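A look at the structure
Residue strings, one per chain:
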Amino acid sequence: MSVHQAPPVATPETTCPPILSLAVARDGPATVVVVRGPLDMDTVDSLVDLVDTVMSGRPPPVLVLDLSGVDFFCAAGVTALLTVRRRVTSDGSALVVREPSRITVAVLDMVGLRHEFTTD
């Protein structure tokens, strides 16, 4: 009895990296960071790095995170929010979370942190 192995079938790559969109805008004295897409292990560093950049130099009195477009949120997202809050408040600024998406609110509720963030 002989065994023949078929050569591996070449398949096109079907997975795409998560797409996170970050935009910065001014709203009076506040700086607004608009977040769209997943906040997960692959994307949270981009958010934290952007906040570090915004807060370097002359930080705004208020940093607003618009999370209305977040479509996936997990423990990495929670950690990123806590990191951002620590960074923003250490500079004497205020952090406001604007319109958190349903998934963001659900996860923050699960971990008991929903009321830890000022929302508008």
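Provided above is the structure to which this section pertains.
Attention in this report is confined to the structure presented alongside it. Bear in mind the structure is a predicted one, so any value in this text is a computation, not a measurement. (Residues numbered from 1 in each chain as written. Predicted model: local features only at pLDDT ≥ 70, side-chain atom pairs only at ≥ 80, totals over all residues. Heavy atoms only, no water.)

Topic: the pattern of salt bridges
What the rule picks out here adds up to six salt bridges. The salt bridge partner of R87 is D91, with a shortest N-O separation of 2.4 Å. Residue R87 is classed as partly exposed on the basis of its relative accessible area, which comes to 23%. You can call D91 partly exposed: its relative accessible area is 32%. When the shortest N-O distance is used, the salt bridge between D109 and R114 registers 3.4 Å. Residue classification places D109 among the partly exposed positions, given a relative accessible area of 39%. Using a relative accessible area of 38% as the deciding quantity, one classes R114 as partly exposed. (Salt bridge = Lys/Arg side-chain N within 4 Å of Asp/Glu carboxyl O. Buried < 20%, exposed > 50% of the residue type's maximum accessible area, 1.4 Å probe, protein only.)

Here we look at the sheet that holds strand β1 (residues 21-27)
In spatial order, the strands read β1-β2-β3-β4-β5; together these five strands make up an open sheet with mixed pairing. Single-partner strands in this sheet number two, and they are β1 and β5 (118-119). Direction of pairing for strand β2 (residues 30-39) relative to strand β3 (residues 62-73): parallel, over a ladder of nine bridges. Bridging across to β3, V33 finds its partner in L65. Strands in contact with helix α2 (residues 75-90) are β2, β3 and β4 (94-98); relative to β3, the strand with the most contacts, it is inclined by about 175 degrees. (Pairing = 2+ DSSP bridges. Helix = DSSP H or I, 4+ residues; strand = E, 2+ residues; numbered from the N terminus. Contact = heavy atoms within 4.5 Å. Axes fitted to C-alpha atoms, helices over the stretch in contact; angles between N-to-C directions.)

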